[in-house]
Amino acid sequence: ELQAVIFDLDGVVTDTAEYHYLAWKALGESIGVPFTREFNEELKGVSRMDSLNKILALGGKENSYSDEEKLELAKQKNDHYVELIKQVTPDDVLPGIRELIADIHAKGLKIGLASVSKNAFAVMDSLQLRDSFDTIVDAAKIRNSKPDPEIFLKAAEQLGVDPAACLGIEDAAAGVTSIKGAGMFAVGVGDSMTLAEADIVYASTAELSLDQLLVQYQGTAV
Ligand code: BG6
Ligand code: MG
């Protein structure tokens, strides 16, 4: 029996994945490492420092900066990102998400947030969604970023629910890997090739319906 639904934030609850992309793209260009949207898929769901390291590796610059300089580059990206998310309002919740949250509450299921972003609480406040969630994992307390299962396991633990009774929703390949590693049912939102590891993929959040998700979840339950 399903007991909880655990959401990723950026790219699932709201379109801040686009702001992360714009801020990393600007940072990459400023150090001579331009990259495509296709490469950006590898950054989704990945922590700030891990993302920077992937960009540096792409440009063959993994040994070009000291740890201190890397912290400065990461700060530059974050300052830009923080500037961009100032425009986030409650109107920026993606289509279908408020309805899904309301249906989850109506069914008496628990609801959690598993984002590795240190800006997650600020974004949830801007969306006025913080009180709609039973728990929000604090990214500062997570040692291993997605694709490691740690953050989804932490969300289940904070909710007091068995991971097998949880369903996770993600837009990132690393996030889907994290959900599956945690032993949960994985729902992908986005491209079915990119998210092939998910149990089911929808093209957009507008297609998410709790009734359908329950049918899919029960189909795989043992
Ligand atoms: C994830 C995003 O939610 O958070 C990544 O998908 C981002 O793109 C990561 O790098 C870390 O976010 P922040 O806000 O702590 O730099
Ligand atoms: Mg995401």
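Quantities reported herein were computed from a predicted structural model and do not represent experimental measurements. (Residues numbered from 1 in each chain as written. Chains lettered and ligands numbered in written order. Predicted model: local features only at pLDDT ≥ 70, side-chain atom pairs only at ≥ 80, totals over all residues.)

Draft legend 1. Representation of the packing of helix α1 (residues 16-30) against helix α4 (residues 67-84) in the model. Running from N to C, α1 and α4 point in directions that differ by 140°, and their axes come no closer than 9 Å. The orientation of α1 relative to α4 falls into the category oblique. For the pair α1 and α4, the crossing hand works out as right-handed. Of the residues in α4, those in contact with Tyr19, His20, Leu22, Ala23, Trp24, Ala26 and Leu27 of α1 are Leu73, Gln76, Lys77, His80, Tyr81 and Leu84. For the contact of α1 with α4, the per-class residue count stands at 9 nonpolar, 3 polar and 1 charged. (Axes fitted to C-alpha atoms, helices over the stretch in contact; angles between N-to-C directions. Helix = DSSP H or I, 4+ residues; strand = E, 2+ residues; numbered from the N terminus. Parallel < 35°, antiparallel > 145°, perpendicular 65-115°, else oblique. Left-handed = near helix turned anticlockwise from the far one by under 90°. Contact = placed C-beta atoms within 7 Å. Nonpolar A, V, L, I, M, F, W, Y, C, P; charged D, E, K, R; others polar.)

Draft legend 2. Broad picture of the site of ligand 1. For ligand 1, the set of nearby residues contains 19 residues, the closest of which are Asp10, His20, Arg48, Ser117 and Lys118. Within the residue set of the shell around ligand 1, elements represented by two or more residues are α1 and α3 (48-58). Classifying every residue of the shell around ligand 1 by side-chain character gives 7 nonpolar, 8 polar and 4 charged. (Near = placed C-beta within 6 Å.)

Draft legend 3. Structural context of the UniProt feature "active site" (unreviewed entry) in the protein. UniProt marks Asp8 and Asp10 with the feature "active site" (unreviewed entry), using the numbering shown here. Positionally, Asp8 belongs in the loop between β1 (4-7) and α1. Inspection of the secondary structure assignment puts Asp10 in the loop between β1 and α1. Given 25 C-beta atoms within a 10 Å radius, Asp10 is considered buried. Here Asp10 is in contact with Thr16, Ala17, His20, Ser115 and Ser117, once residues within four sequence places are set aside. (UniProt positions renumbered as here; feature names shortened; annotations may be inferred. Buried ≥ 20, exposed ≤ 12 C-beta atoms within 10 Å, placed from the backbone.)

Draft legend 4. Molecular detail of the pairing of strand β5 (residues 185-189). For β5, the buried fraction is high: 5 of the 5 residues fall into the buried class. Taking every second residue as pointing to the same face, both faces of β5 are buried, with Phe185, Val187 and Val189 on one and Ala186 and Gly188 on the other. In this region the chain leaves strand β4 (residues 166-170), passes through helix α8 (residues 173-181) and returns to the parallel neighbour β5; the handedness of that crossover is right-handed. Both β5 and strand β6 (residues 200-202) contribute to a ladder of 3 bridges, which runs parallel. The residue of β6 that forms the bridge with Gly188 is Val201. (Right-handed = clockwise from strand over helix to strand, strands pointing away. Pairing = 2+ DSSP bridges.)

Draft legend 5. A look at the nonpolar core. If you look at the biggest cluster of nonpolar residues, it comprises 61 residues, and the most contacted ones within it are Phe152 and Leu167. Residue contributions to this core peak at 5 residues, all from helix α7 (residues 150-159). Those residues in contact with Phe152 that lie beyond four places of it in its chain are Ile6, Ala114, Gly168, Ser178, Ile179, Ala182 and Met184. (Core = buried A, V, L, I, M, F, W, Y, C linked by C-beta atoms within 7 Å.)

Draft legend 6. Region of interest: the packing of α3 against α4. Interaxial distance between α3 and α4 falls to 10 Å at its minimum, and their mutual angle equals 110°. Comparing their axes, α4 and α3 come out roughly perpendicular. When α3 is examined against α4, the residues Arg48, Met49 and Leu52 are found in contact with a partner set consisting of Lys70, Leu73, Ala74 and Asn78. Considering only residue class, the contact of α3 with α4 consists of 4 nonpolar, 1 polar and 2 charged.

Draft legend 7. Quick look at the sheet that holds strand β3 (residues 135-136). Across the sheet, 6 strands lie side by side as β3-β2-β1-β4-β5-β6; this open sheet has parallel pairing. For this open sheet the edge positions go to β3 and β6, each flanked by a neighbour on one side alone. The pairing of β1 with strand β2 (residues 110-113) spans 4 bridges and is classified as parallel. Bridge assignment links Val5 to a residue of β2, and that residue is Ile111. The sheet strands contacting helix α9 (residues 210-220) are β4, β5 and β6, and the helix crosses β5 at an angle near 140°.

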